[in-house]
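# Structural overview for review
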Amino acid sequence: MAEMTLGSRIFVAGHNGLVGGAITRNLRAAGYDNLIERSRAELDLTRQVEVEAFFESERPEFVFLAAAKVGGIHANDTRRAEFIYQNMMIAANVVEAAWRSGANKLLFLGSSCIYPRMASQPIFESALLTGELEPTNEPYAIAKIAGLKLCENYRRQYGFDAISLMPTNLYGPGDNFDLESSHVIPALMRKAHNAKLSNAPAMGVWGTGAPRREFLHVDDLADASVFLMQKYSEDATINVGVGHDVTIRELVELVREVVGYEGALEFDTSKPDGTPRKMLDIGRLQALGWKPKIALRDGLADTYRWFLDNQDSLRAAE
Ligand code: GFB
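The following paragraphs examine the structure supplied in this document. Within each chain, residues carry numbers counting from 1 in the order of the written sequence. Residues qualify for local features only when their pLDDT is at least 70, as the model is predicted, and side-chain atom pairs are given and counted only at 80 or more; totals for whole chains, interfaces and linings, by contrast, use all residues. The side-chain values count all of the structure's non-hydrogen atoms but skip hydrogen atoms and water molecules.

### Points about the site of the ligand
For the ligand, the set of nearby residues contains 24 residues, the closest of which are C113, K191, R213, P272 and D273. Pairs of N or O atoms within 3.5 Å make up the polar contacts considered here, provided that, within protein, one atom can donate a hydrogen while the other can accept it, and that residues adjacent in sequence are counted only when both atoms are side-chain atoms. Between an oxygen atom of the ligand and a side-chain N or O atom of S111, the distance comes to 3.0 Å. Here K191 contributes a side-chain N or O atom positioned 2.6 Å from an oxygen atom of the ligand. When isolated, the ligand has an accessible area of 710 Å², and the protein chains bury 97% of it. Throughout, the term near means that a residue has one or more heavy atoms lying within 4 Å of the molecule or strand in question. Every accessible area reported is derived by Shrake-Rupley at a probe size of 1.4 Å, with residue values counting cover from the shown protein chains alone.

Here is the structure:
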């Protein structure tokens, strides 16, 4: 296994996104100073010819594949073609070009929503492909499973050191706060914030509030990603989570506390609940010597500070 050193040529695909941004911050803080970055306008990862040309000329040694088309339950459910097409193309193009151009190692990110909808809890890595997927995110899941299988099979056939991680639901600074397409944490934070400012008697919450979710701060994921790039080289994907979960109702109570909104909650049960529960078993990761550091309440406060500092640019971008 080739070692990633401070001078290694490292490509973080998706460095402007939630995950890629956090990995870039983590690497820079640790002293890695040979990072290769391309915005979407500079390099469209769904275009094979562009991706091949980029890898041939830049020849990155280490690749963090954090670029993906992502979104919350509604975006996944309604933009199904975009989610399957873009994620399959990005994974296939980048894994192939990285291997072909002689990269030392690639790290791919799956997602806990690609395990079977009714997987027994906590979810072990071995649950992959043992049952039916959650229908609201099946296209995304199929594309991500294909990405995982690319890594596994490029290892087997070519000996390419491609590994995959399975992060649980993520949140943190740099998240998407658009109410239609976002994940649950930024959506609830923005709704609570708007309700507080307008003195609204209640804020809306999708679904019943009963589903359970496990949340990992993106800075913890970035830390685990860099750790595993250095330490892990096996076929099997590895779960990255916190090992405990909360109901959506408990989450909204925490978000209200952080934001300071005391009105009522209105549950809109015409909106989907999605998977009833998805909590990862993180025994394998812990056995390697890594554990998360950021508690949910602290992470929510950190995310809300980021939202307050950036809300003008978020509004301008909409
Ligand atoms: O983060 P989220 O959208 O995605 O969370 P999933 C959805 C859960 O939060 C559902 C509830 O139970 C919703 O009913 N919820 C309550 C809300 N209020 C809101 C709201 O205002 N906005 C949103 N978005 N949800 C995604 C997958 O599933 O998980 C993706 O679709 C991805 O593929 C991601 O893997 C990690 O956790 O249900």
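From this point, the discussion proceeds with the structure in view.
### A closer look at the environment of L296
Among the structural elements, L296 can be located in helix 10 (residues 296–317). With near-sequence residues (within four places) excluded, L296 lies in contact with Y171, I185, F215, V246, L251 and L254. We count a stretch as a helix when DSSP gives it H or I for four or more residues in a row; a strand needs E for two or more, and each element gets its number in order from the N terminus. Any two residues having at least one pair of non-hydrogen atoms within 4.5 Å are treated as being in contact.

### Notes on the sheet that holds strand 11 (residues 246–247)
On the basis of which strands lie adjacent, the open sheet formed by 3 strands has the order 11-8-13 and mixed pairing. The strands lining the two open edges of the sheet, one partner per strand, are strand 11 and strand 13 (277–278). Any two strands between which DSSP finds at least two bridges are classified as paired. Bridge count for strand 8 (residues 212–213) against strand 11 is 2 bridges, and the pairing is antiparallel. Across the sheet, residue R213 finds its bridge partner in strand 11, namely V246.

### A closer look at the nonpolar core
Within the largest apolar cluster, 42 residues are counted, with the highest numbers of intra-cluster contacts made by F55, V94 and L106. Of all the secondary-structure elements, those providing two or more residues to this core are strand 1 (10–13), helix 2 (48–58), strand 3 (62–65), helix 4 (80–100), strand 4 (105–109), helix 5 (138–158) and strand 5 (161–167). Leave out the neighbours within four places in its chain, and L106 touches V63, V94, V95, A98, C151, F160, D161, A162 and I163. Core analysis: the next-biggest nonpolar cluster, separate from the first, contains 33 residues, I10, A22, L35 and L285 among them. By nonpolar core is meant a set of buried Ala, Val, Leu, Ile, Met, Phe, Trp, Tyr and Cys residues that side-chain atoms within 4.5 Å join together. Buried, partly exposed and exposed residues are distinguished by accessible area as a fraction of the type maximum, computed with a 1.4 Å probe on protein chains only: under 20%, between the cut-offs, and over 50%, respectively.

None of the figures reported here should be taken as evidence of function without further support.
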